[in-house]
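Residue-level structural notes
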Amino acid sequence: MLREITGVRQIPGEPPRRWFQSERLDLFVWYGEDQGILGFRLCYRLGGRERAVTWLGGQVCLHQRVDEGREGRGYFAPAPILFPGAEPLGGDVVILFSEESRGLERGLADLILGKLGEFAAVDG
(Lines give C-alpha, C1' and ligand atoms only; values in the text may rest on other atoms or scores of the structure.)
Protein backbone atom coordinates (compact mmCIF):
# COMPACT_ATOMS: atom_id res chain seq x y z
CA MET A 1 0.00 0.00 0.00
CA LEU A 2 1.25 3.50 -0.84
CA ARG A 3 2.52 5.48 2.15
CA GLU A 4 3.60 9.10 2.17
CA ILE A 5 7.30 9.88 2.54
CA THR A 6 7.58 12.80 4.95
CA GLY A 7 10.17 15.54 4.83
CA VAL A 8 10.36 15.62 1.03
CA ARG A 9 12.79 18.30 -0.10
CA GLN A 10 10.98 21.13 -1.87
CA ILE A 11 12.85 22.86 -4.68
CA PRO A 12 12.65 26.67 -4.69
CA GLY A 13 10.82 27.96 -7.77
CA GLU A 14 9.12 24.61 -8.44
CA PRO A 15 5.62 23.58 -7.40
CA PRO A 16 5.33 21.86 -4.01
CA ARG A 17 5.30 18.09 -4.24
CA ARG A 18 4.44 15.01 -2.25
CA TRP A 19 5.97 11.55 -2.58
CA PHE A 20 4.24 8.24 -1.88
CA GLN A 21 5.90 4.84 -2.05
CA SER A 22 5.09 1.15 -1.83
CA GLU A 23 7.07 -1.96 -2.72
CA ARG A 24 5.76 -1.73 -6.29
CA LEU A 25 5.16 1.98 -6.91
CA ASP A 26 6.51 5.49 -6.48
CA LEU A 27 4.04 8.35 -6.86
CA PHE A 28 4.99 12.02 -7.07
CA VAL A 29 2.23 14.66 -6.98
CA TRP A 30 2.73 18.36 -7.75
CA TYR A 31 0.42 21.04 -6.31
CA GLY A 32 -0.44 24.58 -7.38
CA GLU A 33 -0.67 27.66 -5.20
CA ASP A 34 -4.38 26.94 -4.66
CA GLN A 35 -3.48 23.43 -3.40
CA GLY A 36 -5.04 21.93 -6.55
CA ILE A 37 -3.22 19.05 -8.25
CA LEU A 38 -1.04 20.20 -11.15
CA GLY A 39 0.15 16.74 -12.14
CA PHE A 40 1.62 13.42 -11.09
CA ARG A 41 4.25 10.85 -12.03
CA LEU A 42 3.62 7.19 -11.27
CA CYS A 43 6.68 4.93 -11.53
CA TYR A 44 6.09 1.18 -11.55
CA ARG A 45 7.74 -2.12 -12.36
CA LEU A 46 5.84 -4.92 -14.09
CA GLY A 47 7.38 -7.87 -15.87
CA GLY A 48 10.90 -6.76 -14.97
CA ARG A 49 10.54 -3.42 -16.78
CA GLU A 50 10.37 -0.04 -15.06
CA ARG A 51 8.04 2.54 -16.57
CA ALA A 52 6.67 5.98 -15.66
CA VAL A 53 3.32 7.60 -16.40
CA THR A 54 3.34 11.39 -16.17
CA TRP A 55 0.29 13.67 -16.31
CA LEU A 56 0.84 17.42 -16.15
CA GLY A 57 -2.68 18.73 -16.56
CA GLY A 58 -4.68 18.92 -19.75
CA GLN A 59 -5.34 15.86 -21.86
CA VAL A 60 -1.78 14.57 -22.28
CA CYS A 61 -0.18 11.69 -20.40
CA LEU A 62 3.32 10.43 -21.15
CA HIS A 63 4.22 6.76 -20.77
CA GLN A 64 7.99 6.35 -20.74
CA ARG A 65 10.70 3.76 -20.27
CA VAL A 66 13.01 4.22 -17.30
CA ASP A 67 16.73 3.68 -17.77
CA GLU A 68 17.98 3.04 -14.27
CA GLY A 69 21.35 4.64 -15.05
CA ARG A 70 23.43 1.72 -13.85
CA GLU A 71 26.32 2.57 -16.14
CA GLY A 72 27.44 5.82 -14.48
CA ARG A 73 30.93 7.13 -14.99
CA GLY A 74 33.13 9.40 -12.95
CA TYR A 75 32.24 10.83 -9.58
CA PHE A 76 28.49 11.07 -10.03
CA ALA A 77 26.13 8.31 -9.03
CA PRO A 78 23.99 7.17 -11.94
CA ALA A 79 20.42 8.48 -11.95
CA PRO A 80 17.32 7.12 -13.65
CA ILE A 81 16.45 8.77 -16.96
CA LEU A 82 13.08 8.74 -18.75
CA PHE A 83 12.97 7.82 -22.45
CA PRO A 84 10.11 7.66 -24.97
CA GLY A 85 9.11 4.41 -26.53
CA ALA A 86 7.25 2.53 -23.81
CA GLU A 87 4.61 0.12 -24.99
CA PRO A 88 0.98 1.28 -24.66
CA LEU A 89 -0.26 1.55 -21.10
CA GLY A 90 -2.16 -1.59 -20.14
CA GLY A 91 -5.00 -2.18 -17.75
CA ASP A 92 -2.61 -4.05 -15.46
CA VAL A 93 -1.18 -0.68 -14.37
CA VAL A 94 -4.66 0.56 -13.50
CA ILE A 95 -5.29 -2.59 -11.45
CA LEU A 96 -1.90 -2.29 -9.70
CA PHE A 97 -2.55 1.35 -8.73
CA SER A 98 -6.07 0.50 -7.58
CA GLU A 99 -4.69 -2.17 -5.25
CA GLU A 100 -1.87 0.02 -3.90
CA SER A 101 -3.86 3.28 -3.51
CA ARG A 102 -6.22 2.17 -0.74
CA GLY A 103 -4.36 4.32 1.81
CA LEU A 104 -4.43 7.53 -0.26
CA GLU A 105 -6.92 10.35 0.11
CA ARG A 106 -9.93 9.30 -1.95
CA GLY A 107 -9.94 12.42 -4.17
CA LEU A 108 -6.28 11.98 -5.07
CA ALA A 109 -6.65 8.26 -5.76
CA ASP A 110 -9.78 8.83 -7.87
CA LEU A 111 -8.11 11.52 -9.99
CA ILE A 112 -5.11 9.30 -10.72
CA LEU A 113 -7.24 6.22 -11.39
CA GLY A 114 -9.36 8.27 -13.78
CA LYS A 115 -6.35 9.56 -15.70
CA LEU A 116 -4.76 6.11 -15.87
CA GLY A 117 -8.06 4.67 -17.10
CA GLU A 118 -8.39 7.36 -19.80
CA PHE A 119 -4.83 6.86 -20.98
CA ALA A 120 -5.07 3.05 -20.98
CA ALA A 121 -8.34 3.25 -22.93
CA VAL A 122 -6.80 5.56 -25.54
CA ASP A 123 -3.53 3.65 -25.96
CA GLY A 124 -4.51 0.11 -24.99
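Placed above this text is the structure.
Parameters at a glance
Residues numbered from 1 in each chain as written. Predicted model: local features only at pLDDT ≥ 70, side-chain atom pairs only at ≥ 80, totals over all residues. Heavy atoms only, no water. Pairing = 2+ DSSP bridges. Helix = DSSP H or I, 4+ residues; strand = E, 2+ residues; numbered from the N terminus. Axes fitted to C-alpha atoms, helices over the stretch in contact; angles between N-to-C directions. 1 Å grid on protein atoms, 1.4 Å probe; cavity = no way out; pocket = protein on both sides within 12 Å on 5 of 7 lines; lining within 4 Å. Points joined across faces, edges and corners; volume = space filled by probe spheres on them. Nonpolar A, V, L, I, M, F, W, Y, C, P; charged D, E, K, R; others polar.

Ordered by their spatial adjacency, seven strands build an open sheet running β1-β2-β3-β4-β5-β6-β7, and the pairing between neighbours is antiparallel. Where the open sheet ends on each side, the last strands, each with one partner, are β1 (3-5) and β7 (81-83). The average undirected angle you get between the axes of adjacent strands in this sheet is 30°. Both strand β3 (residues 25-31) and strand β4 (residues 37-46) contribute to a ladder of seven bridges, which runs antiparallel.

A separate point is the layout of surface pockets. Its boundaries defined by the atoms lining it, the largest pocket holds a volume of some 360 Å³. Lining the largest pocket we find 14 residues, and of these F28, R41, C43, P80 and L82 sit closest to its centre. For the lining of the largest pocket, the secondary-structure elements that each account for two or more residues are β2 (17-21), β3, β4 and β7. Residue composition of the lining of the largest pocket, by class: eight nonpolar, one polar and five charged.

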